[in-house]
Amino acid sequence: MLDTATIVAVALAYLGLLFAIAWYGDRRADTGRSLIRSPVVYTFSLAVYCTSWTFYGAVGTAARRGIEFLTIYTGPTIIFLGWWFLLRKIARISKSQRITSIADFIASRYGKSASLGMIVTVIAMIGTMPYIALQLKAVSTSFAVLVSYEATPDLAIALTSPPAATLTDAAFLTAIGMAVFAILFGTRHIDANEHHEGMVAAIAFESCVKLLAFLAVGFFAIFTLGSTATPGAGEAAMSAGWSNLTRFPEGGSGRFLTMTFLSMAAIVCLPRQFHITIVENVDERHLSTASWLFPTYLFLMSLFVLPIAAAGLSLLPAGANPDFYVLTVPMTQGHNGLALLAFIGGLSSATAMVVVAAIALSTMICNDLVMPVLLRIRWLRLEDRGNLATLLLYIRRIAIFAVLLLGYAYYRLTGESGPLAQIGLVSFAVAAQFFPAIIGALFWKNGTRAGAQTGLILGFLTWAYTMLVPLLARSDLFSGSILEPGPWGIAALRPEALFGLEGWEPLTHALFWSMAANICGYVLVSLFSKQDTLERIQAAIFVDVFRRPPAEAQVWRRSAAVEELHALLQRFIGTERADRAFRDYAAEHGQRIGDMPEADADLVAFVERLLAGSVGAASARGMVASIAKGELLGFDEVMAILEETHQVIAHSREIEQKSRELEATALELTRANAQLKELDRLKDDFLSTVSHELRTPLTSIRTYSEILSDHDVSEEQADRFLDIISSETQRLTRLLDTILDLTRLEQGQAEWRMADVDPSAVLEDAVAATGGLFRGRQFDLKVAIEPSAAPVRADRDRLMQVFINLLSNAAKFAEPGDGRVMVVGRPDDGGYLVEVTDNGEGVSPQDRELIFEKFAKARDRNTGRPSGSGLGLTISRHIVEHHGGRIWTETPPTRGARFCVHLHSVRPPSGSRKPALAEAAE
Amino acid sequence: MTPVPPPEARLTDRAFVLPLLTLVLLTPPIITIFDVPIFFFGIPLLHIYCFGLWLAAIAAGGILSSRIAGRRTARVAPPRPGGGESD
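Keep in mind that what you see is a predicted model, and the values were worked out from it rather than measured.

Chemist: Please clarify how the overall build of chain B should be interpreted in this entry.
Modeler: A tally of helices and strands in chain B yields 2 helices and 2 strands. In chain B, which comprises 87 residues, the share counted as buried stands at 20%. Look at the contacts in chain B between residues 6 or more apart in sequence, and 61% of them connect residues 24 or more apart.

Rendered as structure tokens:
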């Protein structure tokens, strides 16, 4: 059983908690340890989008029109998934221009126009009132549902008449409480960037609470649906409602598209949404996280809408208001605690929306409505007054009270007409009127102030006629005759069938006409009106924000006394902050403020930007203009600057391109250098190996010579030593010859006597020449040489050298004692292939490349037999490669090594050569 | 003209296509295709389609935004605010 006292106590305790969180958040911000510098907190604060309309009304919509409720969530999802193009650009511009509200944004883009700011503010106020009323209605109705459920479960009756207007009216108390909250945490001081950290922290907390409350009710609904096997009283409603719930609404395509578009526009254009997404954004990177995390939040919020609606349809009597299933479903099962949690969730969503909307609106009212008017009233001499910051704060506080009282009045006046969603959509449709002007502001440089004004006014008037008038006519404020047969009996002017557009669903109809009027007005007037200089420069700043736009200071030829500027700034943001701002500016520009006789255009623009952060672009411009002398450059000069800026951009891109090319070149050079170093190292290795190879025979020659000259040796010994000396000398000569040969080959100085040569004949000659080697060792030499099909272009002697080298290697490395060597020559693949196979130790795979290197004998294997210079294969490879052939080694099927040489023929086969099949050269 | 580094351009293109695709797939006439009386565990196909697609789009958005963030931090020295990025 829930009694009034319990509910009020819990609600008050909860609101107290919110105050505490906001207070703590502000305190943390003051000490520089911000609570809200986290993308998660930012995302939760964005969820101010989910008002009590979505908290309660989504279930209502689902029960009435099924899947259509999803549009309210998918629109924002799409916009956030496309953050890279829209929201990121708005955020970047707003940061650089110190934008304070959506009115400021639009006014600033179209030449810092005060009138445009006023128009946007007025439209936003009119659009927000029903929305605030909706929240108040939701709070008071949900309160009434909680208290009166026991008495009258059939809530259709209980909720038709508004509760008595007394001071204890829940809606009124809520409005007062929210106003106090907004004033305390939204207007603490005038900040240069409009950040209200405590408020944002509290909003983020509320978003957590409403999500948890909704999920709790959702799980409960699923559990209940699962356990109640017999639907009981709601069976009839269930069967009727079930098809609503599960099927796409009949003929609902137009409305579905309209609502998707509306919610897409709303997430950008609703003043409170703009405030929380853009103005309160402290770090652009948070948008990147929010781009998927916020849609996830929406996803979770909507996941249980259908189960709750289904549970409501099956458990509650047919007449029950589906807008409050979130409360009544738990109550049918006697779970009053859960219902109370749901009530707190609803309260959270209502308070969050109202607070942010009130703060956003009060900023707009103050900066774009009241200040421009006050500044225009000469006799107030506002520029000369002392501390204007306090004045601004008072204006905002009064504005907050006014906004909430107006919202309350609207709620009292319109009473209980229409379901929650209907009222919400009216507000969305107003906010959508800003959409064309904003998109144009971001992407179309030629949109003019006149165009934006025309579009906004036309769109708003059409909205009022097609949407507001029918609403008022239905609540008997207007004569019903305006709907049917039409004003003055003119059928073409019927608000719900304008120009005979009949049979359209009213929302789609209203949106179609208002957007048509809006966009046509904006585009057509823009095409036929001229931008003034400031507009043009602002357009460039907005549209080209990612491409180093021109600085605003460039287009002003103005100056002011430094003291006057300082005094102006100080009046708005206080002495201390003004001093700090000037010091920072001076430090950044390497000047001292005291040394400047006159502030230049740059400093003037700097002060104007700072002021804009407090009072909005249009007011700041007016105030700075009153003390700065000078003028804007002419149109042609501005065009020249824009042109120049573009040239500078193009130029800097060229430079970037060049520097990238240079980087690539430098990288190549580094690589080449590394290669050279490697070659240098190889040369050193080569030299040291050569010295080593030369030293061995030299040492033995010296040693034996010394023995011969110093010692008495027998004749016999002397002969032996002389033999050794002689053979070592020959070895030395051979080695030097080989090295010289290799050097010549490597340096390309070798002489080549190229001619057409028959490779098979050369091979036969080589076999004949080395026959003695094999015979001496009693090796078994098998020879199978087929005639070559065509000659190869080669130096015969060199080729001979290669073959002899391979054959003598085979003789050296074949198995001692039982050596078997096989020589094969045959035409192959357009050339001639020679294979020399032995049955020695073979070449291990990792050595296959190595053995062609200089001095790389496979010593580890045939230990003790380092015969040869170790250059033979290297030379052979040089020779073969010079002939365009290939030399390699492979492992034959049996043990041993096989060396192959492949040479290309010069011509296709021409005639038959002498058949020369030589058998065993032995 | 500056040749934009290809991976970045491709990311930007994907960031552009993702919301458009989501919009098309989550609105009539596409979603009316799934408006048929087929139920899985008592849940109509229409709802399974909508929520499933929505979840997939969110996942894609998450991957995309982490890639974009990774690319931005990978730059050694990010250009001055607004410098050099394509919009």
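Chemist: I tried to follow the overall build of chain A on my own but got confused; where do I start?
Modeler: Scanning chain A from terminus to terminus reveals 32 helices and 10 strands. Split into buried and exposed, the 922 residues of chain A put 47% on the buried side. Across chain A, contacts joining residues at least 24 apart in sequence account for 83% of those joining residues at least 6 apart.

Chemist: Is there a simple way to think about the interface of chain B and chain A in this case?
Modeler: Often, the extent of an interface is quoted as the loss of accessible area upon association of its parts. Each partner contributes residues to the interface: chain B has 32 residues there, and chain A has 33 residues. Secondary structure elements with two or more residues in the side of chain B that touches chain A: helix H1 (6-25) and helix H2 (45-74) of chain B. Considering every element that reaches the side of chain B that touches chain A, the biggest residue donor is H2 of chain B, with 12 residues. For the side of chain B that touches chain A, the class distribution of residues is 18 nonpolar, 11 polar and 3 charged.

Chemist: Looking at this model, I keep getting lost on the environment of Ala 601 of chain A. Mind explaining?
Modeler: With respect to the element layout, Ala 601 of chain A can be found in helix H26 (residues 601-615). Placed 42 residues apart in sequence, Ala 601 of chain A and Ser 559 of chain A show a C-alpha to C-alpha distance of 5.6 Å.

Chemist: I tried to follow the confidence of the model for chain B on my own but got confused; where do I start?
Modeler: Close reading of the predicted structure is inappropriate where its pLDDT is low. Residue and element names in this part refer to chain B. Taken as a whole, chain B shows an average pLDDT of 75; of its residues, 74% reach a score of 70 or greater. Mean pLDDT across the elements of chain B bottoms out in strand E1 (residues 39-40) (79) and peaks in H2 (86). Confidence over residues 75-87 falls short of pLDDT 50; this stretch has 12 contacts with residues more than four positions distant or in other chains. We note a pTM of 0.69 for the whole complex and an ipTM of 0.83 for its interfaces.

Chemist: How should unusual backbone geometry be read in this particular structure?
Modeler: Trans peptide bonds make up most of the peptide bonds, and negative phi angles are found at most residues other than glycine. In this structure, the amide linkage connecting Pro 28 of chain B to the following residue, Pro 29 of chain B, adopts the cis form with an omega of 5°. Note on placement: Pro 29 of chain B falls in the loop between H1 and E1. Phi angles above zero are rare outside glycine, and Arg 98 of chain A is one such case at about 55°. You can see Arg 98 of chain A is positioned in the loop between helix H5 (87-97) and helix H6 (102-109). Since 22 C-beta atoms lie within 10 Å of it, Arg 98 of chain A is described here as buried.

Chemist: Explain the UniProt feature "coiled-coil region" (unreviewed entry) in chain A here, please?
Modeler: As recorded in UniProt, the sites labelled "coiled-coil region" (unreviewed entry) are residues 652-682 of chain A. For residues 652-682 of chain A, the helix share is 100%, the strand share is 0%, and the end-to-end C-alpha distance is 45 Å.

Chemist: Would you mind showing me how to read helix H9 (residues 170-186) of chain A here?
Modeler: Side chains three or four residues apart in an α-helix point the same way, a direct result of the helix having 3.6 residues per turn. With 17 residues, H9 of chain A extends 23 Å between its outermost C-alpha atoms, agreeing within 8% with the 24 Å of an ideal straight helix rising 1.5 Å per residue. Buried residues dominate H9 of chain A, accounting for 13 of its 17 residues.

Chemist: So what exactly am I meant to see when it comes to the packing of helix H13 (residues 271-279) of chain A against helix H17 (residues 336-376) of chain A here?
Modeler: The description of two helices packed together rests on the angle between their axes and the distance between the axes. Residues and elements named next belong to chain A. Where H13 meets H17, the closest approach of the two axes is 8 Å, and the angle between their N-to-C directions is 90°. Between H13 and H17, the crossing angle belongs to the class labelled roughly perpendicular. Contact with H13, carried on its side by Pro 271, Arg 272, His 275 and Ile 276, involves Met 353, Val 356, Ala 357, Ile 359, Ala 360, Leu 361 and Met 364 of H17 and no other residues of that element. For the contact of H13 with H17, the residue count by class is 9 nonpolar, 1 polar and 1 charged.

Chemist: What is the right way to look at the pairing of strand E7 (residues 820-828) of chain A in this model?
Modeler: The side chains of a regular strand alternate between the sheet's two faces. Residue and element names in this part refer to chain A. Where strand E5 (residues 780-785) and E7 come together, 6 bridges link them in parallel fashion. Along E7, the bridge assignment pairs Ile 785 with Gly 825. Pairing analysis gives 8 bridges linking E7 to strand E8 (residues 831-838), with the strands arranged antiparallel. Across the sheet, residue Arg 826 finds its bridge partner in E8, namely Leu 833. Here E7 hands over to E8 after 2 residues, with Asp 829 in that stretch at a positive phi of 50°.

Chemist: What's the story with the nonpolar core in this structure? I'm lost.
Modeler: Nonpolar side chains in soluble globular proteins tend to end up buried together. Residue and element names in this part refer to chain A. Within the largest apolar cluster, 230 residues are counted, with the highest numbers of intra-cluster contacts made by Ile 106, Cys 269 and Ala 358. With 25 residues, the single largest contributor to this core is H17. Taken domain by domain, the makeup of this core includes at least three residues from each of domain 1 (4-420) and domain 2 (551-633). Residues within four places of Cys 269 in sequence aside, it is in contact with Ile 102, Phe 274, Ala 431, Ala 432, Phe 434, Phe 435 and Ile 438. Counting residues in hydrophobic clusters, the runner-up holds 38 residues, among them Ala 766, Ile 785, Phe 803 and Leu 806.

Chemist: Can you help me understand the UniProt feature "transmembrane region" (unreviewed entry) in chain B in this one?
Modeler: Residue and element names in this part refer to chain B. The feature "transmembrane region" (unreviewed entry), as given by UniProt, occupies residues 16-40 and 46-65 in the numbering adopted here. Measuring from the first to the last C-alpha atom of residues 16-40 gives 34 Å, for a span that is 40% helix and 8% strand. Annotated as 100% helix and 0% strand, the span residues 46-65 places its first and last C-alpha atoms 29 Å apart.

Chemist: Is there a simple way to explain the confidence of the model for chain A in this structure?
Modeler: Confidence in the prediction of chain A, expressed as mean pLDDT, is 80, and 84% of residues score 70 or more. Low pLDDT, under 50, characterises residues 153-167 of chain A; the stretch is placed with 28 contacts to residues that sit more than four places away or in other chains.

Chemist: Would you mind showing me how to read helix H1 (residues 4-30) of chain A here?
Modeler: Residues and elements named next belong to chain A. Taking 1.5 Å per residue as the helical rise, H1 with its 27 residues ought to reach 39 Å, and the 39 Å between its terminal C-alpha atoms agrees with that figure. All buried positions along H1 are accounted for by Ile 7, Ala 11, Leu 18, Ile 21, Ala 22, Gly 25 and Asp 26. With its phi angle positive at about 80°, Gly 32 sits one or two positions after the end of H1.

Chemist: Help me out: how do you make sense of the sheet that holds E7 of chain A in this one?
Modeler: The strands making up a sheet associate through hydrogen bonds between their backbones, and the pairing can be parallel or antiparallel. All names here are of chain A. If you trace the 5 strands from one edge of the open sheet to the other, you get E5-E7-E8-E10-E9, paired in mixed fashion. With partners counted over all chains shown, the strands left at the sheet margins are E5 and strand E9 (886-890), one partner each. In this sheet, neighbouring strand axes are inclined to one another by 15° on average, regardless of whether the strands run parallel or antiparallel. Looking at chain direction, E9 and strand E10 (residues 898-904) are connected through 5 bridges and run antiparallel. Within the sheet, the bridge partner assigned to Trp 888 lies in E10 and is Cys 900. Packing against the sheet, helix H31 (residues 796-813) makes contact with E7, E8 and E10, and its axis sits at approximately 20° to E8.

Chemist: I'm lost on the environment of Leu 46 of chain B in this one. Help?
Modeler: Relative to the helices and strands, Leu 46 of chain B is located in helix H2. Residue Leu 46 of chain B is classed as buried on the basis of its 21 C-beta neighbours within 10 Å. For the pair Leu 46 of chain B and Ile 33 of chain B, spaced 13 residues apart in the sequence, the C-alpha separation amounts to 8.4 Å. Setting aside its immediate chain neighbours within four residues, Leu 46 of chain B contacts Ile 67, Thr 246 and Phe 248 of chain A together with Ile 31, Phe 34 and Asp 35 of chain B.

Chemist: What is the right way to look at the packing of H6 of chain A against helix H7 (residues 114-148) of chain A in this model?
Modeler: Residues and elements named next belong to chain A. In contact at an axis separation of 8 Å, H6 and H7 are set at 150° when each is read in the N-to-C sense. In terms of their interaxial angle, H6 and H7 are classed as roughly antiparallel. Between H6 and H7 lies a crossing of right-handed hand. On the side of H6, the interface is formed by Ile 102, Ala 103, Asp 104, Ile 106 and Ala 107, while H7 contributes Ala 114, Leu 116, Gly 117, Val 120, Thr 121 and Ala 124.

Chemist: How should I be thinking about the environment of Val 122 of chain A in this particular structure?
Modeler: Residues and elements named next belong to chain A. Positionally, Val 122 belongs in helix H7. The partly exposed category is assigned to Val 122, around which 17 C-beta atoms lie within 10 Å. Val 122 sits 19 residues away from Ala 103 along the chain, and the two C-alpha atoms are 9.5 Å apart.

Reading guide: rules and limits
- Residues take numbers from 1 onward in each chain, read along the sequence in its written order.
- Chains carry letters and ligands carry numbers; both start at the beginning, A for chains and 1 for ligands, and go up in the order they are written.
- With the structure being a predicted model, the display of local features is reserved for residues of pLDDT at least 70 and the display and counting of side-chain atom pairs for 80 or more, all residues being used for whole-chain, interface and lining totals.
- Only DSSP runs of H or I reaching four residues or more are called helices, and only runs of E reaching two or more are called strands; each is numbered from the N terminus.
- Residues with at least 20 neighbouring C-beta atoms inside 10 Å of their own are called buried, those with 12 or fewer are called exposed, and the rest are partly exposed, where every C-beta is derived from the backbone.
- Think of it this way: build a C-beta for each residue from its backbone, and any pair within 7 Å is a contact.
- Nonpolar residues are Ala, Val, Leu, Ile, Met, Phe, Trp, Tyr, Cys and Pro. Charged residues are Asp, Glu, Lys and Arg, and all others, Gly as well, are polar.
- How sure the predictor is of each residue is captured by pLDDT, a score from 0 to 100.
- UniProt positions are given in the numbering used here, feature names are shortened, and annotations may be inferred rather than shown by experiment.
- In this analysis, the expected span of each helix is defined as 1.5 Å times one less than the number of residues it contains.
- Every axis in this analysis is a line fitted to C-alpha atoms, fitted for helices over the stretch in contact. Angles between the N-to-C directions lie between 0 and 180 degrees.
- Here is the rule for angles: anything less than 35 degrees is roughly parallel, anything more than 145 is roughly antiparallel, 65 through 115 is roughly perpendicular, and the remaining ranges are oblique.
- Only strands joined by at least two bridges in the DSSP assignment are considered to pair.
- Only buried Ala, Val, Leu, Ile, Met, Phe, Trp, Tyr and Cys residues enter a nonpolar core, and they are joined through C-beta atoms within 7 Å.
- The start and end points of each domain follow an automatic or database-based domain assignment.
- By convention the crossing between two helices is left-handed if the near helix lies anticlockwise of the far one by an angle smaller than a right angle, and right-handed if it lies clockwise.

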